[in-house]
Amino acid sequence: MSTSSEATTLTAFTVQEDGQIQIEWADNAAFTFPASWVRFHCACAHCVDEWAGTRLVDPATIPADIVPKKATPVGNYAVQIVWSDGHDTGYYGYDSLRAIPPAPADWDAYLAGEKAWPKDEGAVA
Ligand SMILES: [Zn+2]
């Protein structure tokens, strides 16, 4: 992965009709994620235990059809997203936005509560 500043310069943040979020970067990389997956990666104090560094969000509590109601750039380093579930305290730094991995193939099963998210895997570095 490139560490150039272009890799962490956001050029587009688009909510598609199917609810997926397309994120484009100045180095021409583009990623498409389920909105719920981006919501899951919120790093605010409500979503991540600041001491343990573990994720507090249970995917089963995230509405499968969640979408950003509003995405506002914060300086040149982050975007603040207001989610349709009312969650609005998350700032997504471009570094961490760029670092979001692809959603697992069975993400829908976690959203549906059919699978429990392993706590360790949700740990934030
Ligand atoms: Zn949060």
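A. Layout of the overall build of the chain. From N to C terminus, the chain includes 3 helices and 6 strands. Along the chain, helices and strands appear, N-terminal first, in the series β-β-β-α-β-β-β-α-α. Over its C-alpha trace the chain gives a radius of gyration of 14 Å, about what one expects of a compact globule, namely 14 Å for 125 residues. With the C-alpha coordinates aligned to their principal axes, the bounding extent of the chain is approximately 40 × 35 × 25 Å.

B. Layout of the sheet that holds strand S1 (residues 10-15). Taken in spatial order, the 3 strands line up as S1-S2-S3 in an open sheet, and their pairing is antiparallel. Looking at the sheet topology across the chains shown, the edges are occupied by S1 and strand S3 (30-34). Direction aside, the axes of adjacent strands within the sheet are offset by 15° on average. Across 5 bridges, the pairing between strand S2 (residues 20-25) and S3 is antiparallel. Paired with Ile23 across the two strands is Phe31, which belongs to S3.

C. Local environment of the sheet that holds strand S5 (residues 78-83). Within the open sheet, the 3 strands sit side by side as S4-S5-S6. Their pairing is antiparallel. Looking at the sheet topology across the chains shown, the edges are occupied by strand S4 (68-74) and strand S6 (91-93). For this sheet, the mean angle separating the axes of adjacent strands, direction not counted, is 25°. Pairing geometry for S4 and S5, over 6 bridges, is antiparallel. Bridging from a neighbouring strand, Ala71 pairs with Ile81 of S5.

D. Main features of the nonpolar core. The biggest cluster of nonpolar side chains holds 17 residues, and the ones touching the most others in it are Ile21 and Val38. At the level of elements, S2, helix H1 (35-40), S5, helix H2 (94-98) and helix H3 (107-111) are the ones that each hand at least two residues to this core. Here this core gets 4 residues from one element, more than from any other, and that element is H1. Apart from residues lying up to four places away in sequence, Ile21 is in contact with Phe13, Val15, Thr32, Phe33, Ala35 and Val38.

E. Inspection of the environment of Asp88 at higher detail. Take Asp88: it is sitting in the loop between S5 and S6. You can call Asp88 partly exposed: it has 13 C-beta atoms within 10 Å. For Asp88 and Lys70, which are 18 residues apart along the polypeptide, the C-alpha to C-alpha distance reads 9.3 Å. With residues near it in sequence (within four places) discarded, Asp88 still touches Val82 and Trp83.

F. Seen up close, the environment of Trp107. By the secondary structure assignment, Trp107 is in helix H3. Exposure remark for Trp107: the 19 C-beta atoms within 10 Å place this residue in the partly exposed category. For the pair formed by Trp107 and Ala78, sequence separation is 29 residues and the distance between their alpha carbons is 25 Å.

G. The arrangement of the pairing of S1 in detail. Here S1 pairs with S2 via 5 bridges, running antiparallel. Residue pairing in the sheet places Val15 in a bridge with Ile21 of S2. In this antiparallel pair of consecutive strands, S1 and S2, the connection spans 4 residues, and Gly19 shows a positive phi of 90°.

Calculation rules
Residues numbered from 1 in each chain as written. Predicted model: local features only at pLDDT ≥ 70, side-chain atom pairs only at ≥ 80, totals over all residues. Helix = DSSP H or I, 4+ residues; strand = E, 2+ residues; numbered from the N terminus. Rg over C-alpha atoms; globule rule 2.2 N^0.38 Å. Pairing = 2+ DSSP bridges. Axes fitted to C-alpha atoms, helices over the stretch in contact; angles between N-to-C directions. Core = buried A, V, L, I, M, F, W, Y, C linked by C-beta atoms within 7 Å. Buried ≥ 20, exposed ≤ 12 C-beta atoms within 10 Å, placed from the backbone. Contact = placed C-beta atoms within 7 Å.

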